[in-house]
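Here's the letter readout for the chains.
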Amino acid sequence: MFLIFSHFTHAQQYVFFLHNKFIEENVLNDAHPEYGKAEYYQIIYAFKRKGFQVISELRPKDTDVRVYAQKVVGQIDSLMAGGANGSQITVIGTSKGGYIAQFVSSYLKNRDVNYVFIGSCGEEDVTGMPDINFSGNVLSIYEKSDLSMQSCLNMQNRSANVTGRFKEIELNTGLKHGFLFKALPQWIGPSIKWAARSYGSDHTRTLSLEGASFSEKLDAFLSAPTEKPFNGIVLVSQGGLSKFAKVYGRPSLEKDVDFKFDDQFVIGSVSKQFTSVLLLQEYEKRRVKLEAPVKTYLPELQQTWADTVTVHQLLTHTHGITALDKPLAFKPGTQYAYSQIGYDLLARITEKTSGKSFASQSAALFRKCKMYNTFHPDTKGYHNLVPGYTEDENGSLITETRTFQNFVAAGSFISTAQDLVTWNACLHEGKLLSASTYKLMTTKQKNAVRNHPIFGVVDYGYGITVDSHEEVSQLGQTGFSPGFISMNFYFPKTKTSIIALDNVVWNEDDLKSAFQYHSEMLKMIRESKLVKKSY
């Protein structure tokens, strides 16, 4: 049973205090051989004196952190059913109690509740505790001399829930893990301010951008006040581990709800990778020859160019087709012109050679990669697609009705940030194509060179850009569909992905401006240790 320590019976601010493991395993007056007695009641009364209603108890030995977290969630639910709201509640935990608090945050998923995690993030937690996903307003406090518990930043970046605020304090008391045994003002003071919703920076460890980490720089850039903010999801992953994961803005202008990491977006030209792989799989089955003319597989085409344009040229945008009923813009293979219709023709070819619809082919591809939130729009299997918005001539955002006007094979697939990370691993780690075919796809092709409106001169393989300037190998694509902007780039030497999905398009008629966030994010990750450390 919880003990409620209250100075004012009508207190409207609640603190759940969750103590450390030593108190759980020993009589309260016992002294730790190195850190001395745990000042449990002194800590409790530090909050009580500030007018908080403190809810706490001495837990039994060997308490299961997940089970106990559910118990605390039940207590919070009861408070809220009685009229309290999330902004009146703070959960504070030290050491093992901090882990319990992290699970409360994960289970409760209330963006208004405050949390203080004190000396409770270990180096292996990102992989060892994948079910911890922070939510709410989080303050992390750790001690520099405590070698067992350090920063919670990696856990925050990995978390899939929505965190309202995240701040971190590094103390330097020299007390190692024993700092949290004591009712020290160094951590109690900031905790009280956090519980009182005073989120000022006077107690937080701040870094200038000069010495900031990639995550701190990226968050500062995307969070900076602006009239035209980034609105969507950014996910950076390396070797299967999240290095940065955060949402910005809201998925709907009409509803006050937060993004979720399983929200789906239309991914524009990132879709071309899917189409290229499906065509290359037909090539590996010897059903398609890359140098064969289009008419070999689509005999119904009566245009004269159908006898000269090859499958390879469709893949590399070097075919010259502008419309089915118009002559070619140039001799096939001699120039580059970014094309959507070429990829629709590739999809039609795979349908003829496989005997299956393009929608069913793509569905099988996504199942193979375990991409359970990625869809061809015709399958109607998606449920979390966010609306897209475009800035009109008056500077207002309007709901898009043109989103699916493009060919699906070229730019209308639906996916999530995490599924695109999964796709990168599936494609680039040899699960879809043979080594020789994969090399074809990711090799710069002759004359497949585009003067890109955002990135300048860009080389193309099959459905993917290939960049190796400054000795950083980069594979990927940006995408645009009315109401949606996307980016998916992969750095093979460090197995690093950066995914950005945005459902607000500012400055639609100026692509360089519309993609300003994405080009800057790409520049930042290329300059970071994440992709340069192995070169």
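**Q** Whenever I open this one, the packing of aromatic side chains confuses me. Can you help?
**A** Describing an aromatic ring pair means giving the distance of the ring centres and the angle of the ring planes. Here the structure, examined in full by the defined rule, presents 22 aromatic pairs. Here F274 and F413 contribute two aromatic rings whose centre-to-centre distance is 5.3 Å and whose plane-to-plane angle is 80°, an arrangement assigned as edge-to-face. With F274 in helix α9 (residues 272-284) and F413 in the loop between α13 (408-411) and β15 (414-415), this residue pair connects regions lying 139 residues apart in the sequence. Take F274 and F413: they sit in the same class, and that class is buried. Three or more aromatic residues joined by ring pairs make a cluster, and in this case those are F274, F358, F366, F413 and W423. The ring of Y68 carries the charged tip of R59 above its face, separated from the ring centre by 5.7 Å. The positively charged end of K272 is found above the aromatic ring belonging to Y343, 5.8 Å away from the centroid.

**Q** So what exactly am I meant to see when it comes to the confidence of the model for the chain here?
**A** Detailed conclusions should not be drawn from predicted coordinates in areas where pLDDT is low. When pLDDT is averaged along the chain, the result is 91; 94% of the residues meet or exceed 70. Throughout residues 5-11 the model reports pLDDT below 50, and contacts reaching past four residues in sequence, or to other chains, amount to 16 contacts. Within the model, the stretch residues 201-208 combines pLDDT values under 50 with 13 contacts to residues more than four positions away or in other chains.

**Q** Would you mind going over the sheet that holds strand β18 (residues 465-467) with me for this structure?
**A** Two orientations exist for strands paired in a sheet by backbone hydrogen bonds: parallel and antiparallel. What the eight strands build is an open sheet, ordered β11-β10-β21-β20-β19-β18-β17-β16; its pairing is antiparallel. The sheet terminates laterally at β11 (241-248) and β16 (449-452), the two strands that pair on one side only. Strand after strand, the sheet turns through a mean of 25° between neighbouring axes, direction not considered. Bridge count for β18 against strand β19 (residues 474-481) is three bridges, and the pairing is antiparallel. Bridge pairing links D467 to Q474 in β19.

Basis of the calculations
Residues numbered from 1 in each chain as written. Predicted model: local features only at pLDDT ≥ 70, side-chain atom pairs only at ≥ 80, totals over all residues. Heavy atoms only, no water. Phe/Tyr/Trp six-rings, centres within 6.5 Å; stacked < 30°, edge-to-face > 60°. Helix = DSSP H or I, 4+ residues; strand = E, 2+ residues; numbered from the N terminus. Buried < 20%, exposed > 50% of the residue type's maximum accessible area, 1.4 Å probe, protein only. Lys NZ or Arg CZ within 6 Å of the ring centre and 35° of its normal. pLDDT = per-residue confidence, 0-100. Contact = heavy atoms within 4.5 Å. Pairing = 2+ DSSP bridges. Axes fitted to C-alpha atoms, helices over the stretch in contact; angles between N-to-C directions.

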